[in-house]
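The primary structure of each chain is shown beneath.
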Amino acid sequence: MNFVLSVLGPFPFIVRFIPSCHCHHSVKKQKTQKRAENPKPSEESLIQTMARRPQAPSQPQRNDKNENQKDKNSKKKNGNRMKSRDAAERAAYFARREAAGVLRQVLRGDATRRASASIKSLVYSPSVRNKKATFALVCQTLKYLPVIKEIITSTAILSNKWKKQEELIYITVYDIIFGKEIGTNGPVEKYISQHKEALESALAKMFVRRKVKSIEDLLPNKTEDIPKPRFLRINTLKIDVESAVKEFSKISTVKRDEMLPDLLELLPGFDLHDHPLVLDGSVFLQGKASCMVAHALNPKPGWKVIDACAAPGNKTIHLAALMKGRGNIIACELNETRLKILQETVRRSGATNIDTIPGDFLDVNPKDHAYRKVRAILLDPSCSGSGISAQRLDHLLPSHIKDVDADASKRIQKLAGFQRKALEHALSFPSVERITYSTCSVHQEENEDVIQSVLPLASSLGFELATPYPQWKRRGLPVFDGSEHLLRTDPSDGMEGFFVALFVRKPNEEIAVRDGNNLRDLNNSWGSLRPVYFPRMSKMFLYYASQMRRNAEEGCVTCGGCSERSCC
């Protein structure tokens, strides 16, 4: 028996046995009938049938897709890394140049002892964009500056060609040698990178020569950074204290000061320079001791007030807030750079009752009609800044290293001379009732000695020392009677080192004209005339009275010596 392979419809490979006795035609006929009964499936039906069957996954094709996707993701990540690295290098490039500009101002101001502002004020000015990176670069470069200068000198890389970019060389050397690896995307960066090995070799020789193992051992200044609370003064011209407390409670524990109602205290370590309320002038970062000065003066709304040495302007705008924006404040500032800082502070505060005067307070004429109604003067003259040297980062300055006692003493004496002259000038205004004298110095020469030197003049003009903040325990040094009226703050109190003195004119005090310590009765020369009295004395009245006395003794200046009172 033969067998034949028959394909039945969609089911192949079914074997059917056919007897051999059938003829070929019958078999062929039978095949034809079966084909008619089971027609050949169409292409569409085969496709549908195949689609219904479970198919094995196409592993090689899927792997190819995964590989392509991985390649794309890898290229994308690499591209992002390149973009991120390029952006970081660009940011560092510009930060180094901003830091070099600030460092140039700091070093020049320190060399001439006429710094236009502190390091922080320069860094956080509106002109500096990347403040955080700039501040770090300036501070760290100043910290390592003696070492940087020495290795630069030993390698002789600061040639005449690069002398004009000296500060940028310092910044870049710090960044390459002591900081992080940087891209060489600038001419100075490329130049310093070419000499990196020479600089590192010079540094290694310094270690051997001075027998030290750490870079910190090479530094001349080692100061302990004691964390202090962050104080915020609320600008009540723009926002109330309760709203500010609510806002800052979101980021820190907030404590309201018991003595100053517009002052808040936050925990140490918060950098709030970029906070929206700080940027728009609703809140100012100001120390507690600095805020005590304006409160001590206590100007009333509607008064005319002078801020004698106003920049950077924190006390000026504090006065405006205490006066509720009413009255007039005349803010004097001689230095042009500091004047711009003052004007920017005033603009940011929103105060509209402040007039900035580009000039010296000593040139303001008390007899001028514009100043005859001044009732209060805030005098915060230039000083050594010894009370805020840590906050100002003065310990990083070259002068802090080089200063010897003799040079420092000469500078303090020079400052004290100016401070005394400014205070005497403030006392000469005819209508002034209250004067605060303050410094951010801890030196007796700038504080108690200045006050003691002007007491005779102040007393002759009807002024006496008042006691600001009687509850404050730290008072003036006991170097003269009355020093208990003076106020001092100290860094050990968690504050800046400040000094405050308050002069108040005695109300309706009648002061007789004095010749030395003896009261001169003008009746002796002028018959029935009584002694001359003035309710509020000034230098002008004293001068006029002394002229009358001299004329009475020496004769009339008009007729040459007649004795008749009616002559003149």
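Per an unreviewed UniProt entry, the chain carries the name S-adenosyl-L-methionine-dependent methyltransferases superfamily protein and comes from Rhynchospora pubera. UniProt, in the comment section headed Catalytic activity (unreviewed entry), describes the chain in these words: "a cytidine in 25S rRNA + S-adenosyl-L-methionine = a 5-methylcytidine in 25S rRNA + S-adenosyl-L-homocysteine + H(+)".

Enquirer: It is not clear to me how the overall build of the chain should be interpreted in this structure. Could you clarify?
Expert: When helices and strands are counted, the chain shows 20 helices and 18 strands. The 568 residues of the chain split such that 40% are buried. Long-range contacts, defined as pairs at least 24 residues apart, comprise 69% of the intrachain contacts of the chain with a sequence gap of at least 6.

Enquirer: Please explain the pattern of salt bridges as it appears in this structure.
Expert: Opposite charge on two side chains permits them to pair, given that their charged atoms come into close proximity. Taken as a whole and assessed by the stated rule, the structure comprises 14 salt bridges. A salt bridge links R210 to E150; the nearest nitrogen and oxygen atoms lie 2.5 Å apart. Of the two residues, R210 sits in helix 9 (residues 196-210) while E150 sits in helix 6 (residues 145-155), which places them 60 residues apart along the sequence. On the basis of relative accessibility, which here comes to 39%, the residue R210 falls in the partly exposed class. With a shortest N-O distance of 2.6 Å, E344 and R347 are connected by a salt bridge.

Enquirer: Teacher, can you tell me more about the nonpolar core here?
Expert: A general trend in soluble globular proteins is that nonpolar side chains are found buried together. Counting residues in each nonpolar core, the largest one holds 45 residues, and the members touching the most others are V173, F178 and I192. It is helix 7 (residues 166-178) that contributes the most residues to this core, nine residues altogether. Here F178 is in contact with Y144, V147, I148, V173, L203 and I215, once residues within four sequence places are set aside. Core analysis: the second largest hydrophobic core is formed by 38 residues, A310, C440, L487 and F498 among them.

Enquirer: In this structure, what is going on with the UniProt feature "binding site: S-adenosyl-L-methionine" (unreviewed entry) in the chain? I would like to understand it.
Expert: Residues annotated by UniProt as "binding site: S-adenosyl-L-methionine" (unreviewed entry) correspond here to C309, A310, A311, P312, G313, N314, K315, E333, D360 and D380. Turning to its location among the elements, D360 is positioned in the loop between strand 9 (354-358) and strand 10 (376-379). There is a polar contact of 3.1 Å between the side chain of D360 and the backbone nitrogen of L362. When you line up the elements, D380 lands in the loop between strand 10 and helix 15 (389-392). Apart from residues no more than four positions distant in its own chain, D380 is found in contact with C309, K315, S438, T439 and F498. Side chain to side chain, D380 and S438 meet in a polar contact 2.5 Å long.

Enquirer: Where do I start with the sheet that holds strand 6 (residues 283-285) in this structure?
Expert: In any sheet, the strands associate via hydrogen bonds between backbone groups, in a parallel or an antiparallel arrangement. Spatial strand order, 4-5-3-6: four strands in an open sheet with antiparallel pairing. Both edges of this open sheet fall to strand 4 (255-256) and strand 6, since each of them pairs with a single strand only. Here helix 10 (residues 241-248) sits on the sheet and contacts strand 3 (230-234), strand 4, strand 5 (263-266) and strand 6; the angle it forms with strand 5, its principal contact strand, is near 10°.

Enquirer: Whenever I open this one, the environment of I171 confuses me. Can you help?
Expert: Along the chain, the position of I171 falls in helix 7. Looking at I171, the relative accessible area reads 0%, which means it is buried. Here the alpha-carbon distance between I171 and R96, two residues 75 residues apart in the chain, equals 6.5 Å. Ignoring any residue separated from it by four or fewer positions in sequence, one finds I171 in contact with R96, A99, A100, L103, L137 and T141.

Enquirer: Can you help me understand the packing of helix 5 (residues 131-143) against helix 6 in this one?
Expert: Working note: a packed helix pair is described by the angle between its axes plus the distance between those axes. The contact between helix 5 and helix 6 brings their axes to 5 Å, and the two run at 65°. By the angle class used here, helix 5 and helix 6 are roughly perpendicular. Between helix 5 and helix 6, the residues in contact are T141, L142 and K143 and L145, P146 and I148, respectively. For the contact of helix 5 with helix 6, the class distribution of residues is four nonpolar, one polar and one charged.

Enquirer: When you look at helix 9 in this model, what are you seeing that I'm missing?
Expert: In an α-helix, one turn spans 3.6 residues; hence positions three or four apart end up facing the same way. With 15 residues, helix 9 extends 21 Å from end C-alpha to end C-alpha; this agrees with the ideal 21 Å at 1.5 Å per step. If you check which residues of helix 9 are buried, you get L199, A202, L203 and M206. Take helix 9 and look down its axis: the buried residues cluster within an arc of 100°, on one side only. Turned more than 90 degrees away from the buried face of helix 9, the exposed residues are E197, K205 and V208. In the core, the buried residues of helix 9 are packed alongside helix 6, helix 7 and helix 8 (187-194). Following helix 9 by one or two positions, K211 has its phi on the positive side, about 55°.

Enquirer: Whenever I open this one, the packing of aromatic side chains confuses me. Can you help?
Expert: Between two aromatic rings, the relevant description is the distance of the centres plus the angle of the planes. A complete count under the given rule lists seven aromatic pairs for this structure. On the numbers, 4.8 Å between centres and 10° between planes, the contact of Y144 with F178 is stacked. Here the residue Y144 occupies a position in the loop between helix 5 and helix 6, and F178 occupies one in helix 7, the gap between them amounting to 34 residues. Overall, Y144 belongs to the buried group, its relative accessible area being 8%. Ring plane angle 25° and centroid distance 4.6 Å describe the contact between W162 and Y191, whose orientation is recorded as stacked. With W162 in the loop between helix 6 and helix 7 and Y191 in helix 8, the pair connects residues that are 29 residues apart, well separated along the chain. Each member of the pair, W162 as well as Y191, is classed as buried. Cluster of aromatic residues (ring-pair linked, three or more members): Y144, Y174 and F178.

Enquirer: It is not clear to me how the pairing of strand 11 (residues 434-439) should be interpreted in this structure. Could you clarify?
Expert: A regular strand carries its side chains on alternate faces of the sheet. Buried residues dominate strand 11, accounting for six of its six residues. Of the two faces of strand 11, the one holding R434, T436 and S438 and the one holding I435, Y437 and T439 are both buried throughout. Sheet topology note: the strand 10/strand 11 ladder contains four bridges and is parallel. Counted as the bridge partner of I377 is I435 from strand 11. Strand direction decides the pairing type here: strand 11 and strand 14 (residues 499-505), joined by six bridges, are antiparallel. Within strand 14, the residue paired with R434 across the bridge is V504.

Conventions and cut-offs
- Residues numbered from 1 in each chain as written.
- Predicted model: local features only at pLDDT ≥ 70, side-chain atom pairs only at ≥ 80, totals over all residues.
- Heavy atoms only, no water.
- UniProt positions renumbered as here; feature names shortened; annotations may be inferred.
- Helix = DSSP H or I, 4+ residues; strand = E, 2+ residues; numbered from the N terminus.
- Buried < 20%, exposed > 50% of the residue type's maximum accessible area, 1.4 Å probe, protein only.
- Contact = heavy atoms within 4.5 Å.
- Salt bridge = Lys/Arg side-chain N within 4 Å of Asp/Glu carboxyl O.
- Core = buried A, V, L, I, M, F, W, Y, C linked by side-chain atoms within 4.5 Å.
- Polar contact = N/O pair within 3.5 Å; in protein donor to acceptor, adjacent residues only side chain to side chain.
- Pairing = 2+ DSSP bridges.
- Axes fitted to C-alpha atoms, helices over the stretch in contact; angles between N-to-C directions.
- Parallel < 35°, antiparallel > 145°, perpendicular 65-115°, else oblique.
- Nonpolar A, V, L, I, M, F, W, Y, C, P; charged D, E, K, R; others polar.
- Expected span 1.5 Å × (residues − 1).
- Arc of directions from axis to C-beta.
- Phe/Tyr/Trp six-rings, centres within 6.5 Å; stacked < 30°, edge-to-face > 60°.

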